[in-house]
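Residue strings, one per chain:
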Amino acid sequence: MNRRTLVFYALPALPLAALTLPLYVLVPTFYTETLGLSLAAVGAALLLVRIFDAVIDPLVGLVADRWKPRFGRRRALFLCSLPVTALAAWNLFWPPETVESRHLLIWGLVMSAGHTMALISYTAWGAELEGGYDARARLAGWREAAPPISVQPRIWYNPELQSTLFLVPGLIAFIIMI
C-alpha cells in the first residue's frame, strides 16, 4: 500500500481520538465545576458508560461481522456510526445550562455506542485491507500514530503545553512514520 493511501486511511483516526480524550479528561471537570454536578454523580455516570462499553464492544463486533450490505459492511457500519456519534458529542459537549447526571449518562451511552461502531468497523476494515502480518502492522501503525502526531504542532505552538512528556513520543512517532 502506498504512503498516500496510508495517510488517507489514517485520517479518520484523528476525529475518533479527538472525541475520547475530552470525554474522560475535560467533561468531568466541566460537568462538576461549571454545571454543578457532584463529582460522585459524574464518576458514577462515566463508570456506567465504561461498563456499557465493555458489554457492547463484542456485540457490535458480531453485528459488524454478520451484516453484509451492498457497499461494504465495514464502511456501512462506519457511516452509520457518524451521525450517532456526532449527535452524542454535541449533546455531551454543549449541554443545557441546567443539567442532571442522567443527561451525562444517556449521551455518554449513545457516544459510547456510536464510537464503538466507528472504531470497530474502522479497525476491522484496516485488517481486511491488507493480507500479510507486516502490511497490517504498518497500516495499524499509521492509524495509531496519526492522532498523537496531529497534536504535536499545537504543543510546539503553545509554550504552556510544551513538555517532554508529550514532545518526545510525538517526535519519535513522527520520525518512524517518515
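Cut-offs used in this document
Residues numbered from 1 in each chain as written. Predicted model: local features only at pLDDT ≥ 70, side-chain atom pairs only at ≥ 80, totals over all residues. Heavy atoms only, no water. Phe/Tyr/Trp six-rings, centres within 6.5 Å; stacked < 30°, edge-to-face > 60°. Helix = DSSP H or I, 4+ residues; strand = E, 2+ residues; numbered from the N terminus. Buried < 20%, exposed > 50% of the residue type's maximum accessible area, 1.4 Å probe, protein only. Expected span 1.5 Å × (residues − 1). Contact = heavy atoms within 4.5 Å.

Undergrad: Which parts of the structure should I look at to understand the packing of aromatic side chains?
TA: Each pair of aromatic rings is reported with the distance of its centres and the angle of its planes. Summed over the entire model, instances satisfying the criterion amount to 5 aromatic pairs. Aromatic pair Tyr9 and Trp125: ring centres 6.2 Å apart, planes at 75°, arrangement edge-to-face. Within this pair, whereas Tyr9 is found in helix H1 (residues 3–10), its partner Trp125 is found in helix H6 (residues 101–129), the two being separated by 116 residues in sequence. Its relative accessible area of 5% is what places Tyr9 among the buried residues. Through a chain of ring-to-ring contacts, three or more aromatic side chains come together here, namely Tyr9, Phe78, Tyr122 and Trp125.

Undergrad: Looking at this model, I keep getting lost on helix H5 (residues 73–93). Mind explaining?
TA: Think of an α-helix as turning once every 3.6 residues; residues three or four places apart then point the same way. Between its first and last C-alpha atoms H5 spans 30 Å; for 21 residues at 1.5 Å apiece the expected length is 30 Å, and the two agree. Of the positions making up H5, those classed as buried are Arg74, Ala76, Leu77, Phe78, Ser81, Thr85, Ala88, Ala89, Asn91 and Leu92. Buried residues belonging to H5 abut helix H2 (13–25), helix H3 (27–34), helix H4 (39–66) and H6.

By themselves, these figures tell us nothing about what the structure is for.
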